[in-house]
Structure formats: C-alpha cells, structure tokens
Amino acid sequence: MPTFSNPVLAGSHPDPSICRVGEDFYLVTSSFAYYPGIPVLHSRDLVDWQPLGHVVDRPSQVSLTGLDVSDGLWAATIRHHEGTFYVVVALARGRQGSTTYLFTASDPAGPWSDPVVLEAEGIDPSLFFDDDGRCWFTACRDAAEPEVTGPGELWMRELDLDRLALTGPTHALWYGAMRGAWVEAPHLYKRDGVYHLIGAEGGTERHHAVTAARADAVTGPYSTDPRSPLLTHRHRGAAEPIHNVGHVDLVDTPAGETWAVALGVRPLDGTHTLGREVFLVPVEWTAAGPVFAPDTGRVRLSERLPAGTGAGAVAPVGPTRDDFGGRALGPEWSSLRGPVGHLVSTGPGEGGLTIRLSPEPLTGTGTPAFVARRQQHLRMRARARVRFTATAPTQEAGLVVFQHAHHATLALTADASGTPHVVLTAHEAGSPTRLGAAAVTSDEVVLVVDSDESGYTFHVEDGTWTTLGTIERPFFSTERAGGFVGVHLGLYGIGGADAGEAHVHWFEYAPAR
C-alpha cells in the first residue's frame, strides 16, 4: 500500500485549519508575532503542500508591535462559502485573546481584505456554514461559573454574512469532557443531520487530547461524546515518536474519505525544538461519530496515502540555497512584528541580501533587523556567506538560532581595537553569555551551524575551519525556552543609529543524514 511520511508540514506550523474547494485543499496555521502572518498553503493531495501567501501581509491590517513572540495571531480557521474564503483569528496579548478578526478573499493567494473586528471574546474562533446557508461563529472563553462547569466554555453566535457582524443571542455550547481542564479549538461539522462539535482539552503539551460533543440542533444542547478522548497520545510512553497530539480540523476528499489535520511534536529525550507540526490522520465516520486513525488509534510517522487524490511519493526536502536575487524575500522567510523593508533589501545591485543594522534587540518587542525561516529537520546544516565591517564591539551581524526567550548568535563584529572577530553568544531570557570567539582575517566569512540530536555546533570559515562551540539541544527546546513556537534560523544585524550595513551573499539550508 502506498504511504506518505508524517508530518506533512515539518517545523513550526501550529493549529492547522483546512478547507476544500473542488479538487483543491487550503490550509492555514498560527503565526504568532512572526510577519507576514497566517500562512496560506495549497495542496491537491493533502500530503504535498505549497505556500500561496499570507492573510496578513500589510502593516495596516494588524499591528503586532509590542507583542511577545508567542502572542500575536493564534489559531486561525479557514472556510469557503459561495466563492468567498473566510479566515477568523484571535490576536493574543499577554497570553489572552484581545481582538477577533475576520478576513475575506476571493482568491486564497490574496489579496486578503482589511480585517473586520468581531464582537467576540476568547480565542480559537471558527466558522460553520449550515445547509440552510446560515453561518455560525464559535470560539472558547473563560466560563462564567468555573467551579460548576469547568474553566472553559465553547460558545456560539450567528454571523451575518451581509454585514460581517455577529448577531442574535449567544449560545453556551459545551464545557468539555474533562471538567478540570480548559476546552478549546472548537470546530463544528454536520453528518447525517447530527452536529458534531470537536474540541481540544488537556493543554497543548503532553495531556493534549481531542474530545467531542453532539447535538440535534446547531445551537444545542450538546452532550459529551462518551468515547472522549477520541484521539490522544497522552497515555503513550516516552518511546512514542509523536506527542502533544490535538487541535484537529476535518476535511472530506473528492473520493469520499475524511482526513484530519492535527498538531503534534516529535520530542527527543523529553524535549522538542522544531515546534508543533502538522500531521495527517485518517478518519472514519460511524453512527457514534468520527473515529480517528481507525486501524491503529494513533498518529503514525508512516500512513497510507489518501484515496483518489492523485498523491504520489513525496520527495524529501533537499538542500535549498537562496541567493536573494528577487525583489522580495521568498514565502519561507519571516520577520518579527512587521515588515523589515526599511532594514533589509534584496535583488538589484550586487544581488544578495543587504541588512541595515538596527538598534532594536532581538529580545525586544519591536521589529529588529532580522529575517528567519523555520528549522524543519533535527539534523541539518545552515550556512551563510556574510560580509560586514564593524567599527565597534556593539555592532554585529550574522546568523542566529532563535527560539522564543532563548537564542544564539554567531556574529561578525570587532574587538576594542577594531580587529574583526566572529563571536558565539548564547542569550537566555535576555542575559548573554559569550561561549567562543575567533579572530578572522577578512570581513567576509561563511558562518555555519550544525544541528543534531546532541546540540547545535557553530563554525566559521575564512580560509580555515574554526569551531567556536556547541550548545546542547534542550537549550532551544520549548520545554526550556517556553512559548509556543519552534526554532527559526535567521540573519540579523544590531548596532546603533547609522551603524552601517551587512551583506549576505547567500544562505543555505540542508537536511543532514
């Protein structure tokens, strides 16, 4: 039987949501404080996904300034109805939902509209279009009587599609199957006249689980599916390759199958660095409701291909090299909280990427001179050829391994006498520790970072090969650094006003065996 390899989206792609239009599937994920926000991807087979663009790609749409890396745009839902695509998303501040936005587009590749602010509280918004054409908005929020019902509540209001505004009464739908746990990630589906409300409970870590309720009317009352949890790996041991499974969304294929996209992580010795990734799980409908992974009851690294989608063997991701020859960065690159057009330029001239140094630190809440891409393989090598002439130790430019509150920089800089050096520094919760330094003979070097099961090792090439040090892998893990994102590999420049420019000739990312 032909198979594919999970995850179908490796690296930090949390909270997947999916819809289908004809033969085409569209998927969005959380982007937090990274910009552009809410990536949109396309597939014809559910396995091979290609980026189309982003919902938030203009600063006028949403302001992310001042937000922590793991706040920002949380858990978007994408739906399609009568020629229009809809995306709803919550903007989080201080780990709390603050604003709910609705975006629309006639083409999922964009442009997407400026947002409409919905009168909604909480997080994890979703939309459900019923057979009669009415649209229902669901989300999760704090329960009014947590000591009675439990801490979280899934709720609903109708969305007026003409005014793009919530209307009518608010309906409290469900408080979850695990009364001591927060219920979130609501998505609603209708099968054979029955409404199935799918949620997630147990947090986003080891106890994450998919639970469900059902009702005969869209507004309820909803009764807990007694089979809950319907999908979880919380009961599996440390040897299980996939953990933290949950936050699913379902889609039907043209061949009549149902599949779920779910988030999960691939830990090693109890910690993970790549973030929450997208896994594809078969679903079978029964009289009792959906059955996830009916043959095994678990998410697998190798799974059968969806029937009738034309899926074939997907080639593994190979080495990629970016010479930055275009006028814009590719869709794999992100910045923090806003565009860095005033700080970074590509293309004409000598080609490559020019980084204008900024005083904004990587630990701040503004927009630093920083662009990065997700790390997608535990074993990999990233390299960049960088030219930079520093005139003071406060000026630096180079490679960064970035993970929420922790990051490490491998930077071209200068010592007090102006001699060029490459310095390796680990930053933990804003506190820097210099781990190694090497004098170099030129202001143009190749900076290298290798990653494997043990850690991240940093090197510099300037005619000779010098290893500056290794940082153990758990330093960059979510379990130690906190937050909701995975490791990103970036290029950056820090310095005072008018501190000059660094030039990146190319950047390479290569999986390693």
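Since this is a predicted model, take the numbers as computed values, not measurements.

**Remarks on the confidence of the model for the chain**
The predicted model of the chain averages 94 in pLDDT, with 97% of residues at 70 or higher. This stretch, residues 311–315, has a pLDDT under 50; its non-local contacts, to residues over four places away or in other chains, come to 5 contacts.

**Some remarks on the pairing of strand 14 (residues 165–174)**
Bridging between strand 13 (residues 152–160) and strand 14 involves 6 bridges; their strand directions are antiparallel. Counterpart to Asp160 in the pairing with strand 14 is Ala165. Counting the residues in the hairpin turn of strand 13 and strand 14 gives 4 residues, including Leu164, whose phi is positive at 50°.

**Some points on the pattern of salt bridges**
In this structure the tally under the stated criterion is 31 salt bridges. Where Asp114 meets Arg58, a salt bridge forms, and the shortest distance between an N and an O atom there is 2.9 Å. Taken together, the residues Asp114 in the loop between strand 9 (96–105) and strand 10 (116–118) and Arg58 in the loop between strand 6 (50–56) and strand 7 (72–81) connect sequence positions 56 residues apart. A residue is classified by how much of its surface remains accessible, and Asp114, at 44% relative accessible area, is partly exposed. Where Arg227 meets Asp225, a salt bridge forms, and the shortest distance between an N and an O atom there is 2.8 Å. On the basis of relative accessible area, Asp225 is assigned to the buried category, the value being 4%. Within the structure, one salt-bridge network assembled from shared partners comprises Arg321, Asp323, Arg383, Glu461 and Glu508.

**Some words on the sheet that holds strand 22 (residues 277–286)**
Pairing in this open sheet of 4 strands is antiparallel, and the strands run 20-21-22-23 from one edge to the other. Taken across any chain shown, the strands that pair with only one partner, and hence form the sheet edges, are strand 20 (243–252) and strand 23 (289–292). Looking at each pair of strands side by side, their axes are set apart by 35° on average, direction ignored. Note that strand 21 (residues 258–265) and strand 22 share 7 bridges and pair antiparallel. In the strand pairing of strand 22, Val261 is matched with Leu280.

**A closer look at the sheet that holds strand 10**
One open sheet holds the 4 strands; their spatial order is 7-8-9-10, and the pairing between them is antiparallel. Looking at which strands have only one partner, the edges of the open sheet turn out to be strand 7 and strand 10. Geometrically, the sheet is characterised by an average inter-axis angle of 25° between neighbouring strands, direction not taken into account.

**Let's talk about the layout of surface pockets**
The computed volume of the second largest pocket comes to approximately 560 Å³. Lining of the second largest pocket is provided by 19 residues; of these, Arg79, Phe129, Tyr189, Leu250 and Asp252 occupy positions nearest its centre. Where the lining of the second largest pocket is concerned, the elements lending two or more residues are strand 2 (17–21), strand 7, strand 11 (123–129), strand 15 (183–191) and strand 20.

**A look at empty space enclosed by the protein**
For the structure on display, the rule yields 1 cavity of 30 Å³ or more. Looking at the largest cavity, its volume works out to about 40 Å³. Taken together, Asp15, Pro16, Ser17, Ala75, Ala76, Thr77, Asp124, Pro125, Ser126, Pro186, His187 and His247 form the lining of the largest cavity. Among the elements of the structure, strand 7, strand 11 and strand 15 are those that each provide at least two residues to the lining of the largest cavity. A breakdown of the residues in the lining of the largest cavity according to their chemical character gives 5 nonpolar, 5 polar and 2 charged.

**Observations concerning the state of the cysteines**
The tally for this structure, following the rule as stated, stands at 0 disulfides. In this structure Cys19 is a free cysteine whose sulfur lies 13 Å from that of Cys135, the closest cysteine sulfur available. For Cys19, a relative accessible area of 6% corresponds to the buried category.

Procedures and definitions
- Residues numbered from 1 in each chain as written.
- Predicted model: local features only at pLDDT ≥ 70, side-chain atom pairs only at ≥ 80, totals over all residues.
- Heavy atoms only, no water.
- pLDDT = per-residue confidence, 0-100.
- Contact = heavy atoms within 4.5 Å.
- Pairing = 2+ DSSP bridges.
- Helix = DSSP H or I, 4+ residues; strand = E, 2+ residues; numbered from the N terminus.
- Salt bridge = Lys/Arg side-chain N within 4 Å of Asp/Glu carboxyl O.
- Buried < 20%, exposed > 50% of the residue type's maximum accessible area, 1.4 Å probe, protein only.
- Axes fitted to C-alpha atoms, helices over the stretch in contact; angles between N-to-C directions.
- 1 Å grid on protein atoms, 1.4 Å probe; cavity = no way out; pocket = protein on both sides within 12 Å on 5 of 7 lines; lining within 4 Å.
- Points joined across faces, edges and corners; volume = space filled by probe spheres on them.
- Nonpolar A, V, L, I, M, F, W, Y, C, P; charged D, E, K, R; others polar.
- Disulfide = S-S within 2.5 Å.

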